[in-house]
Amino acid sequence: MCGIVGYIGKRPAVPILMNGLKRLEYRGYDSAGLAVIQNETLWLTKRKGKIRGLERQISSLNIDGTPGIGHTRWATHGEPSKINAHPHTDCTGRIALVHNGIIENYRLLKKQLQAKGHVFQSETDTEVLVHLIEMFYKDDLGAAILKALQLVEGTFGILVISLYEPDRIFAARRGSPLVIGVGDGEMFLASDGAAIVEHTRNVIYMEDDEIVMISSEEIQARNLKDETVIKSVEELPFDLESIQKEGYAHYMLKEIREQPRTTLDSMRGRLLLEEGTAKLGGLQNVWDRLRKSRRLIITACGTSWHAALIGEYLIETLARIPVEVEYASEFRYRDPVLSENDTVMAISQSGETADTLAAIREARCKGVLALGLCNVVGSSIARETDAGVYLHAGPEIGVASTKAFTSQVVTLALIALALGRERFLSAEDGRSIARELKSIPEKILGILEHADYIRTIAEKFSHHHQALYLGRGFNYPVALEGALKMKEISYIHAEGYPAAEMKHGPIALIDKNMPVVIIAVRDGVYDKVISNIEEVKARGGWILAVVNQNDTLIRERADEIVEIPVTANCLTPILTVVPLQLLAYYTAVYKKCDVDQPRNLAKSVTVE
Ligand code: M6R
């Protein structure tokens, strides 16, 4: 979604801002803009479309001023256009502002401001902020911003520069992340550390309802009650190398191929082979409460929701604790019935998904234990939960989530194993699962060796307009995930179904033009899945089956097969998903789609 960058220091701001905006491109956007203070004027440029266009537009200009702010916009209020792009300015053109989030009461505020004579240029909710600041400005910009924000309902991460106080940037946040990079006589700001990591790894994370005045040498933080806040410097948990493509054609391919390492990193130091259990440091303080929970509710969105469904199977199977899985967007608004013996767990790669964050807040309001499984260290969900576990998958840049998913399932397996061992699971069974978990990275490596073969299947797929994905038990959520990957990056309509549900409707779609992907590993429902394969074949459907090595029964029936190594039933999703990620990736490549930045999508969905 929207991205923010800011710079103040001795260097010209424009190259630093442009570079930062490029690093945020992966988040998805439709327009971009910059504002810089130069020779006592506020220089501003913005444009619809890609950053490349903006770069061309300013390449011949000699703008070397500082400070400056930049923004990539993902449209919510008003179409993608130059006028609606940020930065926005006040009536005098002396204040410029960029904003992430949504101002919910903007209509009322806009009417009041218009009645006072303020003239609006755009259709955005954001523009009210800069006019409010203008209205309140007397001789102290910080005070004016404070007063403006006190009137605002909704979420914001904002940067403000002004000719009134040209040697500083103001930043404020509520619900939209902002991080300050501390350099030597210079400061950087961004909505995501990726935009500034090449300049500094010393950062200050802003908290909700804080407003910060930043000069090139110092930072003064206050909260919206105008009380002083002391901030401390932390280290960004990744480096520049980890956010680069390193020779891969796309981030998505790099991230798929990283999975042997990232799944290992998720287990590192947590898996206890001898004892046949796991230890998760982040949960130790709440472990007793968690293990005594009468019910666990896992809430998430998108791919993380699919991981949650696998978590339900894992925790119920290994630990016999009842689990419910809820879309965060539903959970937050349906006044869920929760009791003090319940635990709510949010799963989120970014840790910033607005609905998941709101679901956690709802749970905490109701006094239940709230846990987070996040990848991004220091993210809002990680900070707002009572306890949690980091995935340690490293930065995920491709909009289509891949390595975060496998790390989520590994982490859920560790939690299920540890809970299970304290409840019903024998040491012997625990050791067997722990051994299987340990061998997962090596097995993923083996699957990745089939990439060229999967690419040939993808070519066939790329000529189709629809596909059906079927799976049962632990692999039903994998069917959902495989279908989601296919539709989001290749724009082929794909549906995931529990295989047995096919005959209750989707079977009507099956003919020779409908490719069907079936996950058919030798687990407790193998024979049933073979029957489902027969049903598809009988209707002329084309079948790609994901099977275990040396499977002969399905080889005879399917049109194509991809083999995966054998593992414990409950861990198969970590393997079966990998060929489906590759299939979606290569199909999108054949279709010449923008794999890493699919249309209309954003990496982290920070609005409802
Ligand atoms: O950052 P989160 O895990 O909370 O994100 C949730 C979804 O927005 C995300 O998984 C989305 O569905 C991805 N594009 C899937 O590839």
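Model, not experiment: these values are computed from the prediction.

S.K.: What should I look at first to understand the pairing of strand β1 (residues 3–8) in this one?
M.R.: The two faces of the sheet receive side chains in turn, since in a regular strand these alternate between them. Burial within β1 is extensive, with 6 of its 6 residues counted as buried. Side chains of β1 alternate between two faces, with Gly3, Val5 and Tyr7 and Ile4, Gly6 and Ile8 buried alike. With 5 bridges joining them, β1 and strand β4 (residues 68–73) adopt antiparallel strand pairing. Counted as the bridge partner of glycine 6 is isoleucine 69 from β4. Pairing geometry for β1 and strand β10 (residues 187–190), over 4 bridges, is antiparallel. Opposite isoleucine 8, over in β10, you have methionine 187 as the bridge partner.

S.K.: I tried to follow the site of the ligand on my own but got confused; where do I start?
M.R.: Neighbouring the ligand are 14 residues, the closest being Ser304, Ser348, Ser350, Thr353 and Glu488. Taking glutamine 349, its main chain carries an N or O atom lying 2.7 Å from an oxygen atom of the ligand. At the level of secondary structure, the elements contributing two or more residues to the shell around the ligand comprise α9 (302–319) and α16 (476–490). Across the shell around the ligand, the residue classes tally to 4 nonpolar, 8 polar and 2 charged.

S.K.: Help me understand the domain arrangement of the protein chain in this model?
M.R.: One frequent convention defines the size of an interface as the accessible area lost when the parts assemble. Along its sequence, the protein chain is carved into domain 1 (3–236), domain 2 (241–449) and domain 3 (450–598). Relative to domain 3, the C-alpha centre of domain 2 lies at a distance of 24 Å. Every contact between the two is made by 39 residues of domain 2 and, on the other side, 35 residues of domain 3. Approximately 3100 Å² of surface area, both sides summed, lies buried where domain 2 meets domain 3, with 74% of it carried by carbon and sulfur atoms. Scanning the region where domain 2 abuts domain 3 turns up 0 salt bridges. On inspection of domain 2 and its partner domain 3, the count reaches 16 residue pairs in polar contact (both at pLDDT 80 or more).

S.K.: How do you make sense of the sheet that holds strand β27 (residues 560–564) when you look at a structure like this?
M.R.: What the 5 strands build is an open sheet, ordered β24-β23-β25-β26-β27; its pairing is parallel. With one partner strand each, in any of the chains shown, β24 (493–498) and β27 form the two edges of the open sheet. Averaged over all pairs of adjacent strands, the angle between their axes in this sheet comes to 20°, without regard to strand direction. In this sheet, strand β26 (residues 542–548) lies alongside strand β25 (residues 515–519) in parallel orientation, the contact comprising 5 bridges. Within β26, the residue paired with isoleucine 518 across the bridge is alanine 545. Here helix α15 (residues 451–461) sits on the sheet and contacts β23 (466–471), β25, β26 and β27; the angle it forms with β27, its principal contact strand, is near 145°.

S.K.: Would you mind showing me how to read unusual backbone geometry here?
M.R.: The bulk of non-glycine residues show a negative phi, and the bulk of peptide bonds are trans. A cis geometry characterises the amide bond from threonine 66 onward to proline 67, with omega recorded as 0°. Structurally, proline 67 is set in the loop between α2 (51–59) and β4. Of note, the amide linkage connecting histidine 86 to proline 87 takes the cis form, showing an omega dihedral of 5°. Among the secondary structure elements, proline 87 is positioned in the loop between β4 and β5 (88–89). For aspartate 226, which is not glycine, the phi torsion reads 70° and is therefore positive. The partly exposed category is assigned to aspartate 226, whose relative accessible area is 41%. With phi around 60°, tyrosine 491 is a residue other than glycine that occupies positive phi space. Relative to the assigned elements, tyrosine 491 resides in the loop between α16 and β24. By relative accessible area, tyrosine 491 is classed as partly exposed at 26%.

S.K.: Help me out: how do you make sense of the pairing of β24 in this one?
M.R.: Across 6 bridges, β23 lies against β24 in parallel orientation. Looking at β24, one finds that leucine 470 is bridged to tyrosine 497. The parallel pair β23 and β24, bridged by α16, forms a crossover whose chirality is right-handed.

S.K.: Could you clarify how one ought to interpret helix α11 (residues 354–365) in this entry?
M.R.: Side chains that are three or four residues apart share a direction in an α-helix, a result of its 3.6 residues per turn. The terminal C-alpha atoms of α11, which comprises 12 residues, lie 16 Å apart, in line with the 16 Å expected from a rise of 1.5 Å per residue. Where burial is concerned, most of α11 is hidden: 9 out of the 12 residues are buried. Among the residues of α11, those classed as buried are Ala354, Asp355, Thr356, Leu357, Ala358, Ala359, Ile360, Glu362 and Ala363. Looking at the buried side of α11, the elements it contacts are β18 (295–300), α10 (328–331), β20 (342–348), β21 (369–374) and α12 (380–384). Where α11 ends, the next residue or the one after it, glycine 367, has phi of about 80°, a positive value.

S.K.: Explain the sheet that holds β20 here, please?
M.R.: Sheet strands pair by backbone hydrogen bonding; their relative direction is either parallel or antiparallel. Pairing is parallel across the open sheet formed by 5 strands, whose spatial order is β19-β18-β20-β21-β22. Each edge of the open sheet carries a strand with a single partner, namely β19 (323–327) and β22 (387–390). Strand-to-strand twist across the sheet, computed as the mean angle between neighbouring axes with direction ignored, equals 20°. Sheet topology places β18 next to β19; 5 bridges connect them, and they run parallel. Bridging from a neighbouring strand, alanine 300 pairs with tyrosine 327 of β19. Sitting on the sheet, α9 is in contact with β18, β19 and β20, with an inclination near 170° to β19.

Criteria and cut-off values
Residues numbered from 1 in each chain as written. Predicted model: local features only at pLDDT ≥ 70, side-chain atom pairs only at ≥ 80, totals over all residues. Heavy atoms only, no water. Buried < 20%, exposed > 50% of the residue type's maximum accessible area, 1.4 Å probe, protein only. Helix = DSSP H or I, 4+ residues; strand = E, 2+ residues; numbered from the N terminus. Pairing = 2+ DSSP bridges. Near = heavy atom within 4 Å. Polar contact = N/O pair within 3.5 Å; in protein donor to acceptor, adjacent residues only side chain to side chain. Nonpolar A, V, L, I, M, F, W, Y, C, P; charged D, E, K, R; others polar. Domains from an automatic or database assignment. Contact = heavy atoms within 4.5 Å. Buried area = accessible area lost by both parts, 1.4 Å probe. Salt bridge = Lys/Arg side-chain N within 4 Å of Asp/Glu carboxyl O. Axes fitted to C-alpha atoms, helices over the stretch in contact; angles between N-to-C directions. Right-handed = clockwise from strand over helix to strand, strands pointing away. Expected span 1.5 Å × (residues − 1).

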